[in-house]
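Breakdown of the fold
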Amino acid sequence: MAPEKTAPATIRARLMELAELECLEPALVHRLDDTDLAACTGLGDEVLTAYLRALDAAAKMDAGMAPTGWTAARYCRLCGPVLLWPDCPPIVLACPWCFRRKAGRYVPRPLVQCADCVHFIRCERNPLGGGGDCSKGLGGHWPKQRHRCDGFEPVEDRP
Ligand SMILES: [Zn+2]
């Protein structure tokens, strides 16, 4: 009986040490209940660290912030422009923000520019540098003016 009571405390202590090494909030570990800790029984430090990083990423996304390292502007076909990890392809069919967006949560948007968007209507007199308009009615910008836009859709070469 004693080992069953001490095992979650032992795992919690190890998770606290790993969280400190990763500079992660101790609250991530404090929030775990005994069932969560029991599921960690027998896992190595590498897996536990990955678990803590995943918990940290989920907590940040729930708070409307991009997880650490998610600095790349990518396009999700369901969400529009989103921040994802740098190894991610430029266009994805779905993303980790999808279910949060559908649940009405805030999704931080990367900066985009109209010159890269299919909805940009270029100025006829100065197509490369003149101010343009938006076919979705989301406002006119300069082609290279970086701004946040939920309606951004990248120009892509389709076969
Ligand atoms: Zn998405």
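Throughout this description, residue numbers start from 1 for each chain and increase along the sequence as written. At least 70 in pLDDT is required for a residue's local features to be given in this predicted model, at least 80 for side-chain atom pairs to be given and counted, and no such filter applies to totals for whole chains, interfaces and linings, which use all residues. Only heavy atoms go into the side-chain values, all of them from the structure, while hydrogens and water stay out.

Attention now moves to the pairing of strand β1 (residues 72-76). Whether a residue is buried, partly exposed or exposed follows from its accessible area with a 1.4 Å probe, protein chains only, as a fraction of its type maximum: under 20%, in between, or over 50%, in that order. Each helix is a run of DSSP H or I of at least 4 residues and each strand a run of E of at least 2, with the numbering of both proceeding from the N terminus. Buried residues dominate β1, accounting for 4 of its 5 residues. Two strands qualify as a pair provided that DSSP identifies no fewer than 2 bridges between them. With 5 bridges connecting them, β1 and strand β2 (residues 80-84) associate as antiparallel partners. Looking across to β2, one finds that Arg74 is bridged to Val82. Count of turn residues in the β1/β2 antiparallel hairpin: 3 residues. The pairing of β1 with strand β3 (residues 91-92) spans 2 bridges and is parallel. Counted as the bridge partner of Tyr75 is Ile91 from β3.

For the protein, the domain assignment lists domain 1 (2-62), domain 2 (66-110) and domain 3 (111-159). A separation of 45 Å is found between the C-alpha centroids of domain 1 and domain 3. Annotation comment: domain bounds sourced from an automatic or database domain assignment.

Let us look at unusual backbone geometry. Of note, the phi angle at Cys23 is positive, near 60°, even though the residue is not glycine. As for its position among the elements, Cys23 is in the loop between α1 (2-21) and α2 (27-30). Cys23 sits in the exposed class, given a relative accessible area of 71%.

Water is not among the atoms examined, so metal sites may look incomplete; donors are the N, O and S atoms within 2.8 Å of the metal, or within 3.2 Å for Na, K and Ca. Bound to the zinc ion are the protein donor atoms Cys76 (SG), Cys79 (SG), Cys95 (SG) and Cys98 (SG), situated 2.3 Å from the metal. All geometry calls rest on donor angles, where a four-donor set with angles between 85 and 135 degrees is tetrahedral, four- and six-donor sets with opposite donors more than 155 degrees apart and all others between 65 and 115 are square planar and octahedral, and all else is irregular. Note that the zinc ion binds 4 donor atoms; their angles at the metal cover 104 to 119°, and the shape is tetrahedral. Along the chain, the residues that donate to the zinc ion are spaced as C-x2-C-x15-C-x2-C. Within this pair, whereas Cys76 is found in strand β1, its partner Cys98 is found in helix α5 (residues 98-102), the two being separated by 22 residues in sequence. According to the relative accessible area criterion, Cys76 is buried, its value standing at 0%.

Ordered by their spatial adjacency, 3 strands build an open sheet running β2-β1-β3, and the pairing between neighbours is mixed. At either end of the open sheet lies a strand with only one pairing partner, and these are β2 and β3.

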